[in-house]
Amino acid sequence: MESAQPGARLRLIELTKRFGGVTAVDQLDLTVAAGTYFALLGPSGCGKTTTLRMVAGLEEPTRGRILLDEEEITELRPYRRPVNTVFQSYALFPHLDVFENVAFGLRRRGVPDVTEQVRAMLSLVQLDGYDRRRPAQLSGGQQQRVALARALVNRPRVLLLDEPLGALDLTLRRRMQLELKRIQTEVGITFVHVTHDQEEAMTLADTVAVMNNGRIEQLGTPAELYEFPATAFVATFLGRSNLLSGTVVGRDGDDVLVEAYGQRFSVPVIRARRTAGAVLLGIRPEKLRLVGTVDEVPAGHQAVAGIVTDAAYLGTSTQYLIRTGWGGEFSVFVAADGEARPVPVGATVVAHWHPRYAFLLDGGTPGGTPAVPVDPAGAVPANGVGPR
Amino acid sequence: MARRLWRRVADHWVLAAAALVLGYLLLPVVVVAGLSVNRPSSRLSYDFHEATLDNWRDPCAAPGMCAALLRSVQIGFLATAISTVLGTLLAFALVRYRFRGRTALNLLVLAPMATPEVVLGTSLLALLVAAGVPQGFWTVVIAHVMFCVSFVVVTVRARLSGMDRRLEEAALDLYASEWQAFCRVTLPMALPGIVAAALLSFSLSFDDFVVTNFTSGTTVTFPMYVWGANQRGIPPQVNVVGTAMFAVALLLMAAVRLRGRRARQPAPPSRGDAGAASERPVSAEVG
Amino acid sequence: MSGTYRRLLPYLLVLPGGLWLVVFFLLPAVQLVATSLYDPAGSLADGYAMTWAFGNYPDAIRAYWAHFGRSFGYAGLATALALLLGYPLAYVIALRAGRWQHLLLVCVVAPMFTSFLVRTLAWKAILADTGPVVGLLREVHLLAPDGRLLASPVAVVTSLTYGYLPFMVLPIYASLQRLDRRLLEAARDLNARPAQVFWTVTLPLSRPGVVAGTLLTVIPASGDYISAELLGTPRDYMIGNVIDAAFLVRLDYPQGAALSVLLLLVILVLTIGYLRRGAEEVG
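Below: a short report on this structure. (Residues numbered from 1 in each chain as written. Chains lettered and ligands numbered in written order. Predicted model: local features only at pLDDT ≥ 70, side-chain atom pairs only at ≥ 80, totals over all residues. Heavy atoms only, no water.)

Attention shifts here to the overall build of chain C. The helix and strand tally for chain C stands at twelve helices and zero strands. When the helices and strands of chain C are listed from N to C terminus, the series reads α-α-α-α-α-α-α-α-α-α-α-α. A total of 283 residues make up chain C; the buried ones form 54% of that total. If you sum the accessible surface of chain C, you get close to 12,600 Å²; carbon and sulfur atoms cover 69% of it. Each charge class in chain C was averaged separately, 20 positive and 16 negative side chains, and the resulting centres sit 12 Å apart. (Helix = DSSP H or I, 4+ residues; strand = E, 2+ residues; numbered from the N terminus. Buried < 20%, exposed > 50% of the residue type's maximum accessible area, 1.4 Å probe, protein only. Areas by Shrake-Rupley, 256 points an atom, 1.4 Å probe, with all protein chains shown as cover. Lys, Arg positive; Asp, Glu negative; His and termini not counted. Charge placed at Lys NZ, Arg CZ, Asp CG, Glu CD.)

Rendered as structure tokens:
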């Protein structure tokens, strides 16, 4: 049944790559379902491009296997793999025109009549009539389309995209994202898209894998990743999070009780990655509400008091920085829905949230380093802050 | 396993080919070094006869050779000094300014390189004879400067055009006068190109036979000496000079390399995710 | 700085070098053409009369067309061989040598510091009748038992190829070095086998280097007379040998000048034709 699909399922098994003493990719296990749009998201140097290059056959894995459906391709030369790549900064052949660039792969495989296919592909990426232009005569967005057409025309089982939109300006990037999504739906090929832009990954992908230090931190749909991150890295790399380091002190029915900075908080047990010991309590800035006094906090909500130290108007929302009593910082996004009144810098406020929006992460063993450096309270100078 | 082996062969045969070509390039140098420690059985013989260090102990034993060598060095230094200055000025003007006649000048600079030496030599001889100028030491210097200038311009220009003009602008912005910016920024950065050009000039001048042959009159340079000696049989000391020149060249290049390494710019970004902007969302942490 | 000074500055920079080239390159070239039109009946001792003797040219061609043919035959062959040998070396240095790159470049450049004449003479030792190369070739019957390499076109072409090989390697190296390696990866990714990558991407993109290398080899090689003089016989003499003899031995300046001008013209025509064809193919 899978062979009827244009796209293949991609499986990586314990894939490892070392450069000298540096481990770029560390025993990666990953399955990308056939015909889906998959994003590998991570900061630069996390090993995502190396992973992609191993799938393309441009880099030899130190260890591990790569499978397309049931077929092993680990040992295959790049030109024997039914996989093509859209390269970062495109790598268009400067000595060939657009038509010949797109026809390149077909000609190498000895396809007899390429005109029809090339024209159809140029039409798919909306570049009709550009056949005889040279890459140097095209804009960045047009070059990007040629690179896409050049890879897609070969009908690969899996299309690899290495930061394909990285060189485009923001507006064009947004437009090309929609375009990529449309094309993927149209051709049904498995897309594996590498990016460091979390918004791009979330816009495009059915499934996102967040990579860090050569490992996958979490894999899931964009909503899963955002709503319930598995690690502190994911919580802060994908959007923002306020993280409080604390200790689990007990259970109350379906809630886990956490003590942090002398305050008690509760988190539903289904929202907890860890239910004992050192934990990080996370809450997204847009899930917080601001009120003037503790009395205004709705029943069942949790609250932290502090002073507004900064307010930045962002159009769709206003971002406040709140200095808490223990010297930590909270960020709060207040939607610009016309109802919230601006809060002046210096005002005393109470930030509150419903427990079902909070999440609990592994806080690392005491003395061990958590995935994200969490400043102990003392590290933040407490001059002039705290309740008066 | 066999497939892997075959793949390795397919991947690496070009290395073997290159090694053979490199051997072809270096073989004569090895032979020259060998002949430099050879005592030939007769004057016209090229056979390896008997190993000896005599040639190295007294290279000047070959009559007239050291005088010719000295003359070549003198001519080399003079020609290098003049052509490096003239060529560097030309290169600066060609890279930095748009002026009337620039295209024609470009052509004039390239033309000597595209002209066979024998034509350069005969035309100079024709002029010298027509003007009644006697040929000798100075006419050789003039001729050498003429063909060296082109190479200096090309070498220095390559260095200059690869240079970031904004560095000069930054110097001007930081209160340097134009002259100071030139001395403190432009010149030091162009220096490797100028040094390379000077080295190239010296080697071209020192090694030149054809143009020298037509402009030297009775002056004997080292290549002229070798040419003349070929009729009578080459003294083995000639090979000592050849080997020594090779060694000096190696040392010079090593020195340039070491200096260059010290002044190296920071290493380029590592592979992998190189180029991806490291814009990480700001993480708001509470502690 | 005053405006006048600024306007004059480029001319001041250009003046000494430009003047040198005009007086010692351009003017001699004009004089060479003039000399080629002198009355061939004159002599160096009595002086030559300018008679616009265009007949010097057909005379020179009639007498030495074979040498012209041999010059360009040998030079063309040497250039083809240099390209064949030099390309793989340049390729390896630019793309495969890694940290050995610099050392290999030194190996290409350093021999040029050992005098050209001395190295050419070394070929005399290598190709000597009693040497190992001749011995081996005789052994495998590629050479008759009394066959020789010295004093033959083989020796001359070997030496020409050798002498100008670095001028082929360096420009090709430079253009391969500039090549964006991601293009090679893209080609591999687009189903090109190694050989296809080479023919469809590497070679076309290194074309400027090949063009420069070819010109830098064929031009000096066609005017060379050291190789033919040292390793060949008069039967292998090239046009350079004839010009040299005309000026320095026979003292027939008009004929020597005519031959020189002809050599330059042929090279000019070939170069322009070659560059134009190259430009057409690139499009």
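All names here are of chain C. Helix 6 (residues 153-178) packs onto helix 4 (residues 116-126) with a crossing angle of 145° between their chain directions and a minimal axis gap of 10 Å. Between helix 4 and helix 6 lies a crossing of right-handed hand. On helix 6, the residues that touch Phe116, Arg119, Thr120 and Trp123 of helix 4 are Thr158, Ser159, Tyr162, Gly163 and Tyr164. When its residues are assigned to classes, the contact of helix 4 with helix 6 shows four nonpolar, four polar and one charged. (Axes fitted to C-alpha atoms, helices over the stretch in contact; angles between N-to-C directions. Left-handed = near helix turned anticlockwise from the far one by under 90°. Contact = heavy atoms within 4.5 Å. Nonpolar A, V, L, I, M, F, W, Y, C, P; charged D, E, K, R; others polar.)

Residue and element names in this part refer to chain C. One pass over the full model with this rule turns up 29 aromatic pairs over all chains. The interplanar angle of 75° and the centroid separation of 6.3 Å between the aromatic rings of tyrosine 91 and phenylalanine 198 together place this pair among those described as edge-to-face. With a gap of 107 residues between them, tyrosine 91 in helix 2 (residues 56-96) and phenylalanine 198 in helix 8 (residues 194-205) connect regions that are remote in the sequence. Here tyrosine 91 falls in the buried class, since its relative accessible area comes to 18%. (Phe/Tyr/Trp six-rings, centres within 6.5 Å; stacked < 30°, edge-to-face > 60°.)

On a regular strand, one side chain projects to one face of the sheet and the next to the other, so that they alternate. All names here are of chain A. Note that strand 12 (residues 255-260) and strand 13 (residues 263-268) share six bridges and pair antiparallel. Note on strand 13: the bridge partner recorded for glutamate 259 is arginine 264. Hairpin connection, strand 12 to strand 13: the antiparallel pair is bridged by two residues, and tyrosine 261 has positive phi, about 50°. (Pairing = 2+ DSSP bridges.)

Residues and elements named next belong to chain A. Applying the stated rule across the entire model yields three cavities of 30 Å³ or more. Each pocket or cavity is described by its volume, and for the second largest cavity that value is around 50 Å³. Counting only elements with at least two residues in the lining of the second largest cavity, the list comes to strand 1 (10-19), strand 2 (22-32), strand 3 (37-41) and helix 1 (48-56). Counting residues per element, the lining of the second largest cavity draws most heavily on helix 1, at three residues. Split into classes, the residues belonging to the lining of the second largest cavity amount to ten nonpolar, one polar and no charged. (1 Å grid on protein atoms, 1.4 Å probe; cavity = no way out; pocket = protein on both sides within 12 Å on 5 of 7 lines; lining within 4 Å. Points joined across faces, edges and corners; volume = space filled by probe spheres on them.)

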